Amino acid sequence: MIPRLSSISRHIRPFSTTNMSSQSPNLLLLTTGTPNGQKVSITLEELGLPYETKSISLQKNEQKEDWFLKVCPNGRIPALVDRTAGEGKELNFMESGAIMQYLTATYDKEYKISYPYGTPEYWETQQWMFWMNAGLGPMQGQANHFYRYAPEKIEYGINRYINETKRLYSVLEDQLAKNPSGWLVGDHMTIADIACFSWVNWAFWAGVDSTEFKKLTEWEKRINEREAVKRGLDVPEPFTMKAKLQSKEAADKYAEESRKWIMQGNDKEKK
């Protein structure tokens, strides 16, 4: 059972049940406003799915509480509970990439942000999803840590992960330049674009200047302008970091505040 039901927010969208059972999806997203959390909320919004959210406080280490670990044994956000089949038949999902693949396989019958199973575009989308989960996300995440949160400045770590993030951005740049549509795969935006965008949109926090990459910058702007993306970025709370942290002083203050609970969490995981 998910505690504190009063803190759950509902996101109601008109949903077509064409080619599906007449039952409307009953989804609960456990999340917070990070790249991994935002990629799932954007996916839900792009699909027009009705869903509920529960905000998870990383500062309070809620993702390590017993009730959360029953949904996500890894103790990381986001997690998804699909309650559509009814009580006792809930499906629990962890890992943002797996959640996105589940949502499109189950609910994207019109292929709004995916392609039919077995097509060349389907498999190419899978490749970019795995590329993001194995490369871009982890490398930029480490850039975030060494550039913003590490208790001591280690130049090797900072340079290593910022440079690798830039290399990965150049891979995206080349792919976008090759495709006349301006998307990673085929002729429309897919979960691969959403997954990669969720990290590129936070480039500033990793100490990376994404404007060095022309096609990537155009692609990022194009995605940011989508109404569903705007709504997804504001889950579970308004996404104001970019605006708030324009000054070095504000960014340093936020990083210092975050560093405290991140280090506390690291100490707890050692025990």
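Above this text sits the structure in question.
These notes cover the structure that comes with them.

1. Section: the overall build of the protein chain
Logical step 1: The secondary structure content of the protein chain amounts to ten helices and five strands.
Logical step 2: For 271 residues, the compact-globule formula gives about 18 Å, and the C-alpha radius of gyration of the protein chain, at 19 Å, lands near that figure.
Logical step 3: Going through the 271 residues of the protein chain one by one, you find that 50% of them count as buried.
Logical step 4: Of the contacts made within the protein chain by residues no fewer than 6 positions apart, 71% connect residues no fewer than 24 positions apart.
Logical step 5: When the accessible surface of the protein chain is totalled, it reaches about 13,600 Å², and 52% of it is carbon and sulfur.

2. Quick word on unusual backbone geometry
In most cases, non-glycine residues show a negative phi, while peptide bonds are predominantly trans.
Logical step 1: Note that the residue after Ile77, namely Pro78, is joined by a cis bond; omega there is 0°.
Logical step 2: If you trace the backbone, Pro78 turns up in the loop between helix H2 (66–71) and strand E4 (79–82).
Logical step 3: Cis peptide bonds are those with omega within 30 degrees of zero, and the linkage from Val235 to Pro236 qualifies with 0°.
Logical step 4: Mapped onto the fold, Pro236 is located in the loop between helix H8 (227–233) and helix H9 (241–244).
Logical step 5: In this structure, Asn61 is a non-glycine residue whose phi angle is positive, near 60°.
Logical step 6: Residue position: Asn61 is located in the loop between strand E3 (51–55) and H2.
Logical step 7: The buried category is assigned to Asn61, whose relative accessible area is 16%.
Logical step 8: With a phi close to 75°, Glu95 is a non-glycine residue in the positive phi region.
Logical step 9: The topology assignment puts Glu95 in the loop between strand E5 (91–94) and helix H3 (96–107).
Logical step 10: Classification of Glu95 as partly exposed rests on a relative accessible area of 43%.

3. Brief notes about helix H4 (residues 120–149)
Logical step 1: The terminal C-alpha atoms of H4 lie 41 Å apart, and with 30 residues this matches the ideal 44 Å at 1.5 Å per residue to within 8%.
Logical step 2: Of all bends in H4, the biggest is about 45°, found at Met132.

4. Quick word on the packing of helix H6 (residues 191–200) against helix H7 (residues 214–224)
Logical step 1: Two numbers describe how H6 lies on H7: the axes approach to 10 Å, and their chain directions differ by 105°. One element, H6, and the other, H7, form an angle in the roughly perpendicular class. On H7, the residues touching Asp193, Cys196, Phe197 and Val200 of H6 are Leu216, Trp219, Glu220, Ile223 and Asn224.
Logical step 2: Class assignment for the residues of the contact of H6 with H7 results in six nonpolar, one polar and two charged.

5. A short note on the sheet that holds E3
Logical step 1: Spatial ordering of the open sheet is given by E1-E3-E2-E4-E5, a layout of five strands whose pairing is mixed. With one partner strand each, in any of the chains shown, strand E1 (8–11) and E5 form the two edges of the open sheet. Averaged over all pairs of adjacent strands, the angle between their axes in this sheet comes to 20°, without regard to strand direction.
Logical step 2: Alignment of E4 against E5, held across four bridges, turns out to be antiparallel. Of the residues in E5, the one forming a bridge with Val81 is Asn92.
Logical step 3: Together, E1, strand E2 (27–31) and E3 form the strand contacts of helix H1 (residues 35–47), whose direction differs from that of E2 by roughly 155°.

Thresholds, definitions, all that
- Within every chain, residues take consecutive numbers counted from 1 along the sequence as written.
- Only residues with pLDDT of at least 70 get local features here, since the model is predicted, and only at 80 or more are side-chain atom pairs given and counted; chain-wide, interface and lining totals rely on the full set of residues.
- Each side-chain value is derived from all of the structure's non-hydrogen atoms; neither hydrogens nor water enter the calculation.
- Strands are runs of DSSP state E lasting at least 2 residues, helices are runs of H or I lasting at least 4, and numbering of each runs from the N terminus.
- It is over C-alpha atoms that the radius of gyration is taken, and the globule rule equals 2.2 Å times the number of residues to the power 0.38.
- Throughout, exposure labels follow a simple rule: accessible area from a 1.4 Å probe, protein chains only, divided by the maximum for the residue type, with under 20% read as buried, over 50% as exposed, and the rest as partly exposed.
- Two residues qualify as a contact provided that any one of their heavy atoms is within 4.5 Å of a heavy atom in the partner residue.
- Here the accessible surface of atoms and residues is derived via Shrake-Rupley with a 1.4 Å probe, and residues count as covered only by protein chains that are part of the display.
- Here the expected length of a helix is defined as 1.5 Å per residue gap, with one fewer gap than residues.
- The bend at a residue is defined as the angle formed between two axes, one fitted to the seven residues ending at that residue and one fitted to the seven starting there.
- Only the contacting stretch of a helix is used when fitting its axis, a line to C-alpha atoms as for every element, and angles between N-to-C directions run 0 to 180 degrees.
- For classification purposes, an angle smaller than 35 degrees is called roughly parallel, one larger than 145 roughly antiparallel, one from 65 to 115 roughly perpendicular, and anything else oblique.
- For this classification, Asp, Glu, Lys and Arg are treated as charged, while Ala, Val, Leu, Ile, Met, Phe, Trp, Tyr, Cys and Pro are nonpolar and the rest, including Gly, are polar.
- In this analysis, strands are considered paired if DSSP registers two or more bridges between them.

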